[in-house]
Amino acid sequence: MGTSDDIHRIAFRTCPLCEAGCGLEIAVGRGVDGTERVVRIRGDRDDVFSHGYLCPKGTTLGHLHDDPDRLRRPMVKRDGVHVEVDWDEAWHEIEERLTAIVRDHGREAVGVYLGNPSAHNLSAMMYNRTLLGALGTRRRFSASTVDQAPRQVASGFVFGTPVSVPVPDLDHTDFLVLVGANPYASNGSLCTAPDFPGRIERIQERCGTVVVLDPRRSRTAEQADRWLAVRPGTDALVLAAMVATLAEEGLVAPGDHVAEVLTGLDEVLAALTPFTPERVARVVGVDAEEIRCLARDLARASSGSVYGRIGTTTSGLGGLGGFGTLTSWLVDVVNIATGNLDRRGGAMFPLPVAGGASTRGSRERGKGFATGRGHTVVRRRPEVMGEYPAAAMAEEITEAGEERIRAFVTVAGNPVLSTPHSRQLDDALGSLDLMVSVDMYLNETTRHADVILPPPSQLQRSHYDLLLLQFAVRNTANYSEPVLGLDEGQPDEWEILARLAAIAAGLGVDADLAALDDSTLRTMVERSVVDETSPFHGREVEAVMDELGTEPGPDRMLDFMLRTGPYRTSLAALRENPHGLDFGALEPRLPEILRTPSGMIELAHPALMADLGRLTAAWAAADEQLAGGQMTLVGRRHLRSNNSWMHNINVLVKGRPRCTLQVHPDDAARLGLTDGSDAEVASRVGRLVAPVEVTDAVRPGVVSLPHGWGHGVAGTRMGVAAGVAGVNSNLLSDHDDLDPLSGTSVLNGIMVTVAPAG
Ligand SMILES: Nc1nc2c(c(=O)[nH]1)N[C@H]1C(S)=C(S)[C@@H](COP(=O)(O)OP(=O)(O)OC[C@H]3O[C@@H](n4cnc5c(=O)[nH]c(N)nc54)[C@H](O)[C@@H]3O)O[C@H]1N2
Ligand SMILES: Nc1nc2c(c(=O)[nH]1)N[C@H]1C(S)=C(S)[C@@H](COP(=O)(O)OP(=O)(O)OC[C@H]3O[C@@H](n4cnc5c(=O)[nH]c(N)nc54)[C@H](O)[C@@H]3O)O[C@H]1N2
Ligand code: SF4
Ligand SMILES: [Mo]
């Protein structure tokens, strides 16, 4: 990075690193060789949504771009070693080998995993679909099943589509209950809100109340007015007990606007009657009276919103399964019962500017949401939202006999560090006939790839948060031009994905990508000219195509979506407004968002009601575990980290080692562990050694280890990360322990034994 006097222009763009989507002001200078480089990044004070806020990660996009370990050219594995090749050679290598596998074993012999940064990437948002279609396999996996899938499944059942996810109306609520979320570290998730911490503090400034449920006294819990140190995996019981309290004390009042479109509430209330605070208190580890008070206070608050995140979707009762879907549903039940769904200050549905499945006009009766269109081979795990559980990847590669996955594609994912039972997956990837990765690093996962296709850096492409603005606390839109140009011969990421798709579809290495792109867009336009709600209704397809221009790529598709979206804006309008456009606070959206078969909120969906039986059984078993002194493991995030990557940026990882095992002082004394000593942690599937940090920030019986560490493995090429201490916590998570409704892994609340190492 240069010095400030080098600056010759300022660019504005949205940070693509996490869900907050902060506006950045980027000062660009020129190096001695004349190439442009980033001199400084700070928050864009004029950004309509983030108003200048940013976190330390956002300032490092220049470092990421300049990182010498970031791959600029494709890599092909020759005799077990990765060597740089030109793009042509990489494409031919893939074509030859992928075509043979598909010819000999069919399309189901190919598996694909899409990682988290795909969700922050316009190219991937537009072209992953094309790639999946071209691969033609049902063996699709993604980070969703180690993340938010349960939240979406609950929405699917109750509201009719998995994208109708209510978000807390942060800027207007008077009572916020955060369950298993730590936005002071994560900056928020499934709730796009730059400066989430500031928004929390403003709730308190206006005399509102913030409550946190978390087995750890996280930074967010420290800031909160109340912290309930729940035992991991027991949130469903706490929420059920809140509902039971509301019912018993006559506090259930969904409000007329919801009551009109609600079915099943009485059935749900009846089913939750046994879950009284007094009965669940022992297992959840929170006093019954505290649960009752929380329910009462929320019901009486002028507005309130319960918001659940990673600690709700990926948690389970150690070894007894995950309860992410049930917990997410119970969040909705509490919000509904307290009259907080779809009203100002409550849990609301955004109206995204670029459109989306539930943005169109009036309520339509939908087909409803179902899972199980297909099953995995080995354990018959059901399909959910077009995917199988990430936890099943390894066994589908190694244990499916003639039906095994032989070729595997990863896009923007590092499942060897981020999905359960990593050792098993690491071995499985090593046994493939072909692996192709679209990724910018040679890391723990891509070291297994026969071909690595690197996208340009984050600063070399355009950006629009197509997905995450669907979960925003204000309806805003912001488009970013690329800040830096592409390198000589470097394809854009959409071209990489489209070329890979063309090869998978059998069109060869020289397919005309512009023509393919035209045909994808034409399909969208053809649909819109016959859609009465579209501004293009009744127009000639060719005329609309002409209007959208001839430049292929995601920007043109985005333009189409903006024009047909609810605010009828356009890419040109966003280009004229580099700090974004604000379309205002969230507005009530019932009933138009509903897509259930009945057109109502189907609160007592049979799949959810049936799952209550599983919760009751696990509750009894958990009671026994508790008596036996079982320790459970949870994770945590750090502001200067981003899942398993960005650990090659020195300014973000330097300082004290962060990958420590946090242990409560009482447990440390009992187990013979001291601060700084090494502990051996073992689960059903694995074991590891980590340095102990004795702290009362975790509740007794719980230990915490962050995920995403354990770099420096042979065959990787990340010089800085390799030197950072840490272990891979997913060596301990169990591929067999998941939420059956969503296929999502239990990553929090893992049964472990902890002992001094050695
Ligand atoms: N134990 C435990 N495990 C967890 C979690 C947890 O809380 N605890 N959290 C889970 C969650 S929420 C998630 S989302 C997953 C994340 O899991 P993954 O999505 O599998 O992994 P990431 O660590 O995000 O790795 C991202 C990869 O994408 C590459 N990359 C970055 N940007 C781009 C880009 O623009 N294009 C391309 N092509 N590649 C890019 C990086 O080099 C890296 O290899 O981890 C999950 N795993
Ligand atoms: N700095 C940084 N920011 C990130 C990421 C990152 O890795 N680093 N990752 C991004 C991604 S992909 C995601 S999905 C989001 C996640 O965003 P958040 O959900 O806010 O993530 P965490 O900070 O892990 O917070 C989860 C909290 O749940 C608690 N918890 C664990 N188990 C339980 C339980 O059983 N019950 C309850 N009530 N709480 C529990 C943990 O102690 C932790 O404090 O963050 C995003 N932002
Ligand atoms: S909080 Fe940090 S990483 Fe997230 S968008 Fe803002 S600057 Fe980027
Ligand atoms: Mo995530």
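For the structure itself, consult the block above.
Just so we're clear, the structure is a prediction, and the values are computed from it rather than from any experiment. (Residues numbered from 1 in each chain as written. Chains lettered and ligands numbered in written order. Predicted model: local features only at pLDDT ≥ 70, side-chain atom pairs only at ≥ 80, totals over all residues. Heavy atoms only, no water.)

Enquirer: I keep staring at the site of ligand 2 and nothing clicks. Help me out?
Expert: The environment of ligand 2 is formed by 31 residues, the closest being S186, D214, G233, D235 and N643. At a separation of 2.9 Å, an oxygen atom of ligand 2 approaches a polar side-chain atom of R216. When ligand 2 is considered free in solution it has 930 Å² of accessible area, and contact with the protein chains removes 98% of it. Counting residues per element, the ones that place at least two in the shell around ligand 2 are helix 5 (183-186) and helix 13 (310-313). In the shell around ligand 2, the residues fall into ten nonpolar, 14 polar and seven charged. (Near = heavy atom within 4 Å. Polar contact = N/O pair within 3.5 Å; in protein donor to acceptor, adjacent residues only side chain to side chain. Areas by Shrake-Rupley, 256 points an atom, 1.4 Å probe, with all protein chains shown as cover. Helix = DSSP H or I, 4+ residues; strand = E, 2+ residues; numbered from the N terminus. Nonpolar A, V, L, I, M, F, W, Y, C, P; charged D, E, K, R; others polar.)

Enquirer: How should I be thinking about helix 21 (residues 554-564) in this particular structure?
Expert: Since the α-helix turns once every 3.6 residues, residues separated by three or four places project in the same direction. Taken across its eleven residues, helix 21 has ten buried, putting it largely inside the fold. Every buried residue of helix 21 is listed here: P554, D555, R556, M557, L558, D559, F560, M561, L562 and R563. Structurally, helix 21 contributes buried residues whose contacts are with helix 3 (122-135), helix 18 (493-504), helix 19 (513-529), helix 20 (541-548) and helix 22 (571-575). (Buried < 20%, exposed > 50% of the residue type's maximum accessible area, 1.4 Å probe, protein only. Contact = heavy atoms within 4.5 Å.)

Enquirer: Is there a simple way to explain the sheet that holds strand 2 (residues 23-30) in this structure?
Expert: Hydrogen bonds along the backbone pair up the strands of a sheet, which may run parallel or antiparallel. Strand order in this open sheet of three strands is 1-2-3, and the pairing throughout is antiparallel. Both edges of this open sheet fall to strand 1 (7-14) and strand 3 (36-43), since each of them pairs with a single strand only. Geometrically, the sheet is characterised by an average inter-axis angle of 30° between neighbouring strands, direction not taken into account. Strand direction decides the pairing type here: strand 2 and strand 3, joined by seven bridges, are antiparallel. Counterpart to L24 in the pairing with strand 3 is G43. (Pairing = 2+ DSSP bridges. Axes fitted to C-alpha atoms, helices over the stretch in contact; angles between N-to-C directions.)

Enquirer: Would you mind showing me how to read the site of ligand 3 here?
Expert: The environment of ligand 3 is made up of C15, L17, C18, A20, G21, C22, L54, C55, K57, G58 and N187. Looking at the shell around ligand 3 residue by residue, the class counts come to seven nonpolar, three polar and one charged.

Enquirer: For this particular structure, what's the right way to read the pattern of salt bridges?
Expert: Between side chains of opposite charge, pairing is possible as soon as their charged atoms come close. Summed over all chains, the structure comprises 46 salt bridges. R292 serves as the salt-bridge partner of E278, at 2.9 Å between the closest nitrogen and oxygen. Separated by 14 residues along the polypeptide, E278 in helix 11 (residues 277-284) and R292 in helix 12 (residues 288-300) bring together distant segments of the chain. Note that E547 and R563 form a salt bridge whose closest N and O atoms lie 2.8 Å from each other. Separated by 16 residues along the polypeptide, E547 in helix 20 and R563 in helix 21 bring together distant segments of the chain. (Salt bridge = Lys/Arg side-chain N within 4 Å of Asp/Glu carboxyl O.)

Enquirer: Hey, could you run me through the packing of helix 2 (residues 87-105) against helix 18 in this one?
Expert: A pair of packed helices is characterised by two quantities: the angle between their axes and the separation of those axes. Two elements in contact, helix 2 and helix 18, have axes separated by 10 Å at closest approach and are oriented at 35°. Considering only the axes of helix 2 and helix 18, their crossing is right-handed. Residue-level inspection shows W87, W91, I94, E95 and L98 of helix 2 in contact with helix 18, the latter providing I496, R499, L500, I503 and A504. Here the contact of helix 2 with helix 18 is built from residues that sort into eight nonpolar, no polar and two charged. (Left-handed = near helix turned anticlockwise from the far one by under 90°.)

Enquirer: Honestly, the environment of L608 in this entry has me stumped. Any pointers?
Expert: Within the fold, L608 resides in helix 23 (residues 606-627). When the C-alpha positions of L608 and H707 are compared, they lie 30 Å apart, and in sequence the two are 99 residues distant. Sequence-distant contacts of L608, defined by excluding residues within four places in its chain, comprise F157, V158, T325, L326, W329 and L741.

Enquirer: I would appreciate a short explanation of the environment of R139 in the present structure.
Expert: In this structure, R139 sits in the loop between helix 3 and strand 7 (140-142). The exposure class assigned to R139 is buried, which follows from its relative accessible area of 3%. Taking the C-alpha atoms as reference points, R139 and L341, separated by 202 residues in sequence, lie 36 Å from one another. Setting aside its immediate chain neighbours within four residues, R139 contacts E108, V110, G111, V112, V377, Y388, E396, A400, E403, R404 and I405.

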